Amino acid sequence: MSFENAIGYMETAIFVIMAIASVLAVAVVVERAIIFIKNTKDSSFVLPEIIQTARKGDLSGAPKFSENYPENVYARFADFSSEHSKGGKESLGELMEGKMIGERVGFETRLSILNTLGNNAPFIGLLGTVFGVISAFYKLGTLGNAAGEVVMRTISQALLATAVGLAVAIPVVMANNYFTRKLKIIQSNLEILSKEFLASLSRKG
């Protein structure tokens, strides 16, 4: 295998990797979007109702939310908190903290893939550009002055690799940031519910 052919194979491999990365990124974004939508559906009125129930001190009424909205993260958390409220405030606080960690881990699943792709796609594209520039200089040294048009065409193809890398990375980073912000909102709301349930137990005590 000649040096020129080896470089050509490497350039092709870079574009194949970027294509696979694009498909993987789309799959993860769609899957995570479905998870976030399902778990936060109807939250605009479920969350205030749970808070109102906790402030009334009626913790026994919390399980009705998970029955009506089994996939909603706040209804699920309310059901869990109500179920373990009889163990006392200190015990419930520890259990709710563990539950919040478990929910966060569930939401963070596969987000590391987006983070990895967003951080590394530009560098993979840049590597493709480096291979292209190497190929251009090799052709320039081999063909001499007659290689001008070939070299320019090779460099333009090399720069395309960087453009593809950025085209993959930018939307992936935007999607990852969106999911991260949504997760922070969910965590904050779960902490609010936790404080409401603990306050309700304190009033009852």
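The numbering scheme is per chain: residues are counted from 1 as the chain's sequence reads. It should be noted that, the model being predicted, local features are given only for residues of pLDDT at least 70 and side-chain atom pairs only at 80 or more, the latter also being counted only at that level, while totals for whole chains, interfaces and linings use all residues. Processing note: side-chain calculations cover all non-hydrogen atoms of the structure and skip hydrogens and water entirely.

(A) View of the overall build of the protein chain. A tally of helices and strands in the protein chain yields seven helices and zero strands. Mapped from its N terminus to its C terminus, the protein chain presents α and β elements in the order α-α-α-α-α-α-α. For the radius of gyration, the atom set is restricted to C-alpha positions; the globular benchmark scales as 2.2 Å times the number of residues to the power 0.38. What you see for the protein chain is a C-alpha radius of gyration of 27 Å, clearly larger than the 17 Å of a compact globule of 205 residues, by over 25%. Referenced to the eigenvectors of the C-alpha coordinate spread, the extents of the protein chain come out at roughly 90 × 30 × 20 Å. Relative to its full complement of 205 residues, the protein chain shows a buried share of 37%. Secondary structure elements are defined from DSSP: runs of H or I of at least 4 residues count as helices, runs of E of at least 2 residues count as strands, and each element is numbered from the N terminus. Note on exposure labels: buried denotes an accessible area under 20% of the residue type's maximum, exposed denotes more than 50%, and partly exposed covers the range between, all computed with a 1.4 Å probe on protein chains only.

(B) A look at the packing of aromatic side chains. Between the rings of Phe, Tyr and Trp (Trp by its six-membered ring), a pair exists once the centres lie within 6.5 Å; its type follows the angle of the planes, with under 30 degrees stacked, over 60 edge-to-face, and the other angles tilted. Under the criterion given, the structure shown has four aromatic pairs. Here Phe-45 and Tyr-69 contribute two aromatic rings whose centre-to-centre distance is 5.9 Å and whose plane-to-plane angle is 70°, an arrangement assigned as edge-to-face. Of this pair, Phe-45 sits in helix H2 (residues 43-55) while Tyr-69 sits in the loop between helix H3 (63-68) and helix H4 (73-83), and the two are 24 residues apart along the sequence. Taking the relative accessible area as the measure of exposure, Phe-45 reaches 35% and is therefore partly exposed. Through a chain of ring-to-ring contacts, the aromatic side chains of Phe-36, Phe-107, Tyr-178 and Phe-179 assemble into a single cluster.

(C) Structural context of the pattern of salt bridges. Whenever a carboxyl oxygen of Asp or Glu lies within 4 Å of a side-chain nitrogen of Lys or Arg, that contact is scored as a salt bridge. Under the defined criterion, the tally for this structure stands at seven salt bridges. Residue Lys-38 pairs with Glu-71 through a salt bridge whose shortest N-O separation is 3.5 Å. With Lys-38 in helix H1 (residues 3-40) and Glu-71 in the loop between H3 and H4, this residue pair connects regions lying 33 residues apart in the sequence. Glu-71 sits in the partly exposed class, given a relative accessible area of 42%.

(D) The arrangement of the nonpolar core in detail. Buried residues of nine kinds, namely Ala, Val, Leu, Ile, Met, Phe, Trp, Tyr and Cys, make up a nonpolar core once their side-chain atoms join them within 4.5 Å. If you look at the biggest cluster of nonpolar residues, it comprises 38 residues, and the most contacted ones within it are Ile-50, Tyr-74, Leu-114, Ile-186, Leu-190 and Leu-193. Listing elements by their share of this core, those giving two or more residues are H1, H2, H4, helix H5 (89-108), helix H6 (111-143) and helix H7 (148-204). By residue number, the principal contributor to this core is H7, which donates 12 residues. Here, two residues are considered to be in contact whenever any of their heavy atoms come within 4.5 Å of each other. Ignoring anything within four residues of it in the chain, the contact list for Ile-186 reads Phe-36, Thr-40, Val-73, Tyr-74 and Phe-107.

(E) Fine view of the UniProt feature "transmembrane region" (unreviewed entry) in the protein chain. When the UniProt feature table is mapped onto this chain, "transmembrane region" (unreviewed entry) is found at residues 6-30, 120-138 and 158-179. End-to-end, the C-alpha atoms of residues 6-30 are 36 Å apart, and along that stretch the chain is 100% helix and 0% strand. Segment residues 158-179 splits into 100% helix and 0% strand. End C-alpha atoms: 33 Å apart. UniProt positions are given in the numbering used here, feature names are shortened, and annotations may be inferred rather than shown by experiment.

(F) Region of the structure containing unusual backbone geometry. One non-glycine residue, Asp-42, adopts positive backbone phi at about 65°. In this fold, Asp-42 is placed in the loop between H1 and H2. The exposure class of Asp-42 is partly exposed, given its relative accessible area of 28%. A positive phi angle is found at Arg-110, which is not glycine, with a value near 75°.

(G) Spotlight on the confidence of the model for the protein chain. pLDDT: the predictor's confidence for each residue, scored from 0 to 100. Looking at the protein chain, the pLDDT average stands at 86 and 93% of residues meet or exceed 70. Within the protein chain, H3 has the poorest average pLDDT of any element, 77, and H5 the best, 91.

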